[in-house]
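# An overview of the molecular structure
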Amino acid sequence: MAAILIIVPFACDKSPMESGSDSKSAGEGKGGSMARMTILGDYLYAVDGTSLKVFHVKNPQSPQYKNDVHIGRDIETIFGFNNYLYIGSVSAVYIYDVAQPQSPVLISTIRHVLSCDPVVANDTIAFSTIRSTSECRFNQWEANQLLVLDVSNMKNVEKTHAYHLNFSPFGLGLKDTTLFLCKGDQGVELLDIREVAEKDSHSLNPFNQITGTHAFDVIIHENLLMLVGDDGLVFFDISDLYNITELSRIIPD
Amino acid sequence: MTRLLIFLSLVVVFLAVSCSKDDPSSVRDGGNGTGDGLVEGYRPIYMAPEAARTIEVTGVEPLENPGKIFWYHNFMMLTDQRKGVHVIDISNPSSPQKLNFISIPGVNDVAVKNSFLYADNITDLVVMDISNVYDISFETRVKNVYPTTNQMYPQHATGYFECVDTTKGLVVGWEKTMLEDPKCRR
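From a predicted model like this one, the values you see are computed outputs, not experimental measurements.

## Some details on the domain arrangement of chain B
Residue and element names in this part refer to chain B. Its domain assignment divides chain B into domain 1 (2-46 + 147-185) and domain 2 (49-142). At the junction of the two partners, domain 1 supplies 8 residues and domain 2 supplies 8 residues. Across the contact surface, domain 1 and domain 2 share 0 salt bridges. At the boundary of domain 1 with domain 2, the tally comes to 0 residue pairs in polar contact (both at pLDDT 80 or more).

## A look at the sheet that holds strand β5 (residues 51-56) of chain A
Residue and element names in this part refer to chain A. A sheet is described by the order of its strands in space; here 4 strands give the open sequence β3-β4-β5-β6, paired in antiparallel fashion. Only two strands of the sheet have a single neighbouring strand rather than two, namely β3 (37-40) and β6 (64-70). Pairwise comparison of adjacent strand axes, ignoring direction, gives a mean angle of 20° for this sheet. In this sheet, β5 lies alongside strand β4 (residues 43-47) in antiparallel orientation, the contact comprising 5 bridges. Considered in β5, the bridge of Val47 is made with Leu52.

## Comments concerning the interface of chain B and chain A
Facing the 52 residues of chain B at the interface are 58 residues of chain A. The largest contributions to the chain B side of the interface with chain A come from B:Trp71, B:Lys113 and B:His156, which together make up 15% of the buried area. Where chain B touches chain A, the interface holds 3 salt bridges. Put simply, B:Lys98 and A:Asp253 hold a salt bridge, and the shortest N to O gap is 3.2 Å. On the surface where chain B and chain A come into contact, there are 10 residue pairs in polar contact (both at pLDDT 80 or more). Among the elements of the structure, α1 (2-17), β1 (38-47), β3 (66-72), β4 (75-80), β7 (110-113), β8 (116-121), β9 (124-129) and β10 (137-142) of chain B are those that each provide at least two residues to the side of chain B that touches chain A. For the side of chain B that touches chain A, the element with the most residues is β3(B), which contributes 7 residues. Split into classes, the residues belonging to the side of chain B that touches chain A amount to 31 nonpolar, 11 polar and 10 charged. Where strand β2 (residues 30-31) of chain A and β3(B) come together, 2 bridges link them in antiparallel fashion. Considered in β3(B), the bridge of A:Gly31 is made with B:Phe70.

## Details of unusual backbone geometry
Residue and element names in this part refer to chain B. The backbone of His73 shows a phi angle near 55°, a positive value even though the residue is not glycine. By the element assignment, His73 lies in the loop between β3 and β4. On the basis of relative accessible area, His73 is assigned to the partly exposed category, the value being 30%. The phi dihedral of Ser115 falls on the positive side, at around 70°, and the residue is not glycine. In this structure, Ser115 sits in the loop between β7 and β8.

## Comments concerning the state of the cysteines
Residues and elements named next belong to chain B. Summed over all chains, the structure comprises 1 disulfide over all chains. Note on cysteine connectivity: Cys163 is disulfide-linked to Cys184, with sulfurs 2.2 Å apart. Judged by the torsion about the S-S bond (110°), the Cys163/Cys184 disulfide is right-handed. Of this pair, Cys163 sits in the loop between β11 (160-161) and β12 (170-180) while Cys184 is found in strand β13 (residues 184-185), placing the two residues 21 residues apart along the sequence. Neither residue differs from the other here; Cys163 and Cys184 are each classed as buried.

## Let's talk about the packing of aromatic side chains
All names here are of chain A. According to the stated counting rule, one finds 5 aromatic pairs over all chains in the structure shown. Here the aromatic rings of Phe207 and Tyr242 are separated by 5.2 Å at their centres, their planes lie at 45°, and the arrangement is tilted. Here Tyr242 lies in the loop between β20 (232-237) and β21 (245-250) and Phe207 lies in the loop between α1 (193-196) and β17 (208-210), a separation of 35 residues in the sequence. For Phe207, a relative accessible area of 25% corresponds to the partly exposed category. A relative accessible area of 63% places Tyr242 in the exposed class. Taking the ring centre of Phe167 as reference, the NZ or CZ of Lys183 above it sits at 4.5 Å.

## Concerning the confidence of the model for chain A
Residues and elements named next belong to chain A. Within chain A, residue pLDDT values average 81, and 80% of them lie at 70 or more. Ignoring residues within four places in sequence, the model shows residues 11-26, a span with pLDDT below 50, making 33 contacts including any to other chains. This stretch, residues 113-123, has a pLDDT under 50; its non-local contacts, to residues over four places away or in other chains, come to 27 contacts.

## Some points on the confidence of the model for chain B
Reading fine detail from the predicted coordinates is not recommended where pLDDT is low. When pLDDT is averaged along chain B, the result is 85; 82% of the residues meet or exceed 70. Interface confidence for the predicted complex, given as ipTM, is 0.86, next to a pTM of 0.84.

## Details of the environment of A:Val98
With respect to the helices, strands and loops of the structure, A:Val98 is situated in the loop between β9 (92-97) and β10 (105-111). Excluding residues within four positions of it along the chain, A:Val98 makes contact with A:Leu40, A:Tyr45, A:Asn83, A:Tyr84, A:Leu85 and A:Pro104.

## Thoughts on the sheet that holds strand β19 (residues 224-229) of chain A
Residue and element names in this part refer to chain A. If you trace the 4 strands from one edge of the open sheet to the other, you get β18-β19-β20-β21, paired in antiparallel fashion. Strands with a single pairing partner mark the edges of an open sheet, and in this sheet they are β18 (217-221) and β21. Ignoring strand direction, the axes of neighbouring strands in this sheet form an average angle of 20°.

## Brief notes about the side chain of A:Ser201
All names here are of chain A. Structurally, Ser201 is set in the loop between α1 and β17. What makes Ser201 buried here is its relative accessible area of 15%. Residues in contact with Ser201, not counting those within four places in the same chain, are His161, Tyr163, Glu195 and Val196.

Rules used in this analysis
- Residues numbered from 1 in each chain as written.
- Chains lettered and ligands numbered in written order.
- Predicted model: local features only at pLDDT ≥ 70, side-chain atom pairs only at ≥ 80, totals over all residues.
- Heavy atoms only, no water.
- Domains from an automatic or database assignment.
- Contact = heavy atoms within 4.5 Å.
- Salt bridge = Lys/Arg side-chain N within 4 Å of Asp/Glu carboxyl O.
- Polar contact = N/O pair within 3.5 Å; in protein donor to acceptor, adjacent residues only side chain to side chain.
- Pairing = 2+ DSSP bridges.
- Helix = DSSP H or I, 4+ residues; strand = E, 2+ residues; numbered from the N terminus.
- Axes fitted to C-alpha atoms, helices over the stretch in contact; angles between N-to-C directions.
- Buried area = accessible area lost by both parts, 1.4 Å probe.
- Nonpolar A, V, L, I, M, F, W, Y, C, P; charged D, E, K, R; others polar.
- Buried < 20%, exposed > 50% of the residue type's maximum accessible area, 1.4 Å probe, protein only.
- Disulfide = S-S within 2.5 Å.
- Phe/Tyr/Trp six-rings, centres within 6.5 Å; stacked < 30°, edge-to-face > 60°.
- Lys NZ or Arg CZ within 6 Å of the ring centre and 35° of its normal.
- pLDDT = per-residue confidence, 0-100.

In structure tokens, the structure reads:
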């Protein structure tokens, strides 16, 4: 298994609740951070292992296949936010500008490297996780990490933090200033993003966690946390982040 | 230009799965195998082309291998890896109810816009009308979006795998298993 990269952008000056979705309009939904398809406005973007496919879905019942953009090797995930697509691969995060929705333009490539130069995160930050397993041939120089990216200047995205993790991270979710980090067998860790993005911060100090379920990815809508993992689909009430309660679960039969 | 890009994509995919001089074990060799004996790896799961492109709405099905999720207001779409999509009523999250199942061979991902559901089906993108979740209907198929080269190796894994024999059908998934002297590796 190769390393996986996920990104959850967070804009301080916008409603953080909308970070997982481009639009609040009735027709829209919200995917997880591990998704390989995303909808931005009238366009559906889908990735396979090497490229990005663009569909015009203004008439949603009859998508028009418009473009195929080669990206690189081992593409894993896609995440749309504002006018940008964040595409995670084994070796890099690619950021595409979709101001011209049919013709995504590569504006930033952030390679995964272990060294980093801490920079003050200001207006806008993004998080990503990198996962590597024992089977991964990149393991010698990659590790499990949580990256913090400064995306205030989209043409010069900088990595501000690269936290080493002693577990394999999976999907991410965001509610206000809380980052939910999926840990597979170990459940979910809750982090305060203000601390995570703190300039001098060197270690992660989760203020709460969810245990007792395998966590692959999450979607958050208002006070509802929807979690998927090997143990099934689990719903939590997160109105009180210090007292998270499980509402229900659908387990594999 | 598009053709050139597709060609380049194919070249990159080819390079990705074929040999490199500094890593001789990634060769798809002429039949001698890697000589590595019994090792853990991935074996392709085949399906006849017609069956692999058959989309069915079956009613509630057991959940086997939870995959990806997509939230759509009062509904949650939950993929069952490589098998299909469960449509779940979550209007009362304390008591979610499975309502229906769409069988989509090979499915990885799902998204919804204006009551139309998009999902990948081997080489194609399929569209389902879910405006009535009890009476979901097939809408259309966009053919040959995903290149068949994607089929030739397990996309999310490195290591050994059984080389694909395209005469056996389309690859709808990969199972982890023990392989005797596999001839492919990436």
